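Breakdown of the fold
Spelled out from the first residue to the last, the chains are:
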Amino acid sequence: MKPRTGAAVTLAGCGKTFADGTRALAPLDLSVAAGETLVLLGPSGCGKTTLLRIIAGLESPDAGGRVLFDGADVTALPIEKRNVGMVFQSYALFPNMNVRENVAYGLRVRGVGKAERSRLADEVLEMMRIDALAERRITQLSGGQRQRVALARALAVRPKAILLDEPMAALDAALREHLRGEIDALLRRLSITAVYVTHDQAEALALGDRIVVMREGEIAQVGTPREVYERPADAFVASFVGTTNRLEGTVRGGRFACAAGTMALDAPDMPKAALLFRPEAARLVLDPPAGLVLKVEQVQFQGARQKVTLCTPDSVRVVVETPPDLEIAPGMLMGLALDPNRFSLV
Amino acid sequence: MRSADRLAVLFLAPLFAFAAAFFVLPLAELVLVAGSGPNGAFEYLAILANPRHVQTLVATLALSAGVSVATLALGTVVALFLARTRFAGRALLVSALTLPLAFPGVVVGFMIILLAGRQGLLGAFTQSLGMDRLVFAYSMAGLFAGYLYFSLPRVLVTLMAAAEKLDPALEEAARSLGASRLAVLRDVTLPGLSPALIASGAIAFATAMGAFGTAFTLATRIDVLAMTIYTEFTLNANFATASALSLALGLITWGVLALTRNMAGTGVAAAG
């Protein structure tokens, strides 16, 4: 299929309060560039699905909110007039139609002739490498196959944007990882605008051009996967995306001090400070000089690296991933050295 | 015979007795009686040769089919509305709609007379508008209204349960692909409901084919099969004809049910 570019999607002041008074979404602004893959990431109930449904046209934003596709206001348009492709968690494939009929359905309601829509549907099926399944009934498909059919059906109408609502939540971990790569490659090849909702941080980091981390109906952070992972805006983002260590203490005279010791730090004085860093952003040193000293509690050898759990004198646990060449045993005292610029202070 | 087999036969004995008492013996008797008249075994052909009987049979079939279709159409609209809308008093309305389940056909007949009889509400209303009194209780139209009232709650309960089980994402998916409301109904909602539509439609059809109480209450100008059988049996003591008609009624209804069950079977498989 020819590569194509989707529309730029802009949300302006879109909030959502349901009829029963529940506020699902605080008014927010967000834009998705044409061809970009934007991931909405957050725990359940954070409003990410509501946001997706507002873009789709399945929910309308509260008064004042506007949805724009390529600058044109589509707020008043219902979903059937917006030309978006949707992929649902349950796949929502039509059980009374076979695979080809499912994929061709969008073309059929657009009045495309039978021969032409079969040809177009087969083209999409071939692109998704499921052309062999065209005649199958939906009940004869595995979860991964259904997922591909759902994606093919959404793409067949050449939508302005494709919206995916936890599309892999029902699949097992191995298949999820495999399909993640496939979907990522596909979205890039088609350079179609995509909004992808998930609560799985690994999926978000792997798929997104940008990630929007959401919490309780608000945006906690917007950034590239690297930004969100390495420079989380706050403790919530840090804890939700990847493993984060947290040491609490003070900063005075250019040194951070906590129960494990002190280390030099270029920061203004703070009576209460928390040092946040990733397991791979620290190194362990034997025969620790003065500095941060922790006791090894557990060592998990993982082949290419080892995962070491350490404990401060006030029983705070810290996880560090180090190369496997360092021989470490529980009970040892180790020095903790942080890579410059790979931690944040809040 | 091993003792386990003997035990199994012992346990199955009540089933055989039940089947014999309520199924095989009466049917055999009906077959025998039907063949014992002056026409002998040709009684079956005789009822087909009698234009009044054929006319009655066709009228009963048409009435039952009409009632089934009307009940399904009304029931689908109401069931979809009730399954998807939450409002104050919904539970009360649902239970009120299933109230007719408690009424026998005779009571339904009374109600039709109260509504559209000679002294009925509709008549009084149309007269007050300066028109003729509207009276249809004692005709096929009255029977149609009565059967509709009788079947609707049965169909409604089944359809509501099915409508609540439909995945709302299916309709949303169809809409996202550009389908209009009508297309969504035709391509997604009705196919999703089809097993329930076929099953409850078959019940409505069978009920209307065999119903007697309502027809008997409305009486006079109505020729439906159940009434004809009653007349032949009780008033004319024409046992052979009554038996032959009974078997015809049973076979036709059974045939329609078997056919729809077959369709429902494939329907269920397709919707699985």
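Residues numbered from 1 in each chain as written. Chains lettered and ligands numbered in written order. Predicted model: local features only at pLDDT ≥ 70, side-chain atom pairs only at ≥ 80, totals over all residues. Heavy atoms only, no water.

Turning next to helix α1 (residues 48–56) of chain A. At 3.6 residues per turn, the α-helix brings residues three or four places apart onto the same side. All names here are of chain A. The element α1 is largely enclosed, with a buried count of eight among its nine residues. Within the span of α1, buried status applies to Lys 48, Thr 50, Leu 51, Leu 52, Arg 53, Ile 54, Ile 55 and Ala 56. Gly 57 occupies a position one or two residues after α1 and carries a positive phi of about 100°. (Buried < 20%, exposed > 50% of the residue type's maximum accessible area, 1.4 Å probe, protein only. Helix = DSSP H or I, 4+ residues; strand = E, 2+ residues; numbered from the N terminus.)

Our focus in this paragraph is the interface of chain A and chain B. Where interface size is given, it is often the accessible area lost as the parts come together that is meant. Every contact between the two is made by 23 residues of chain A and, on the other side, 22 residues of chain B. Regarding the contact of chain A and chain B, the summed buried area is about 1,800 Å², with carbon and sulfur atoms giving 58% of it. Our count for the chain A to chain B interface comes out at three salt bridges. Its salt-bridge partner being Arg 108 of chain A, residue Asp 187 of chain B comes within 2.9 Å of it at the nearest N-O pair. Between chain A and chain B we count seven residue pairs in polar contact (both at pLDDT 80 or more) in total. (Contact = heavy atoms within 4.5 Å. Buried area = accessible area lost by both parts, 1.4 Å probe. Salt bridge = Lys/Arg side-chain N within 4 Å of Asp/Glu carboxyl O. Polar contact = N/O pair within 3.5 Å; in protein donor to acceptor, adjacent residues only side chain to side chain.)

On to the side chain of Asn 83 of chain A. Residue and element names in this part refer to chain A. Positionally, Asn 83 belongs in the loop between β5 (72–73) and β6 (84–87). Separated by 3.1 Å, the side chains of Asn 83 and Arg 110 make a polar contact. Here Asn 83 is in contact with Arg 110, Val 157, Arg 158, Pro 159, Lys 160 and Ala 161, once residues within four sequence places are set aside.

Turning next to the domain arrangement of chain A. All names here are of chain A. Partitioning chain A into domains gives domain 1 (9–240) and domain 2 (246–345). The distance between the C-alpha centroids of domain 1 and domain 2 comes to 40 Å. Counting residues at the interface gives six residues for domain 1 and six residues for domain 2. Around 600 Å² of area is buried between domain 1 and domain 2 when both sides are counted, 37% of it from carbon and sulfur atoms. Across the contact surface, domain 1 and domain 2 share zero salt bridges. Here domain 1 and domain 2 share three residue pairs in polar contact (both at pLDDT 80 or more) between them. Put simply, the parts of the chain that give the side of domain 1 that touches domain 2 at least two residues each are α7 (225–230) and α8 (235–240). Across the side of domain 1 that touches domain 2, the residue classes break down as five nonpolar, no polar and one charged. (Domains from an automatic or database assignment. Nonpolar A, V, L, I, M, F, W, Y, C, P; charged D, E, K, R; others polar.)

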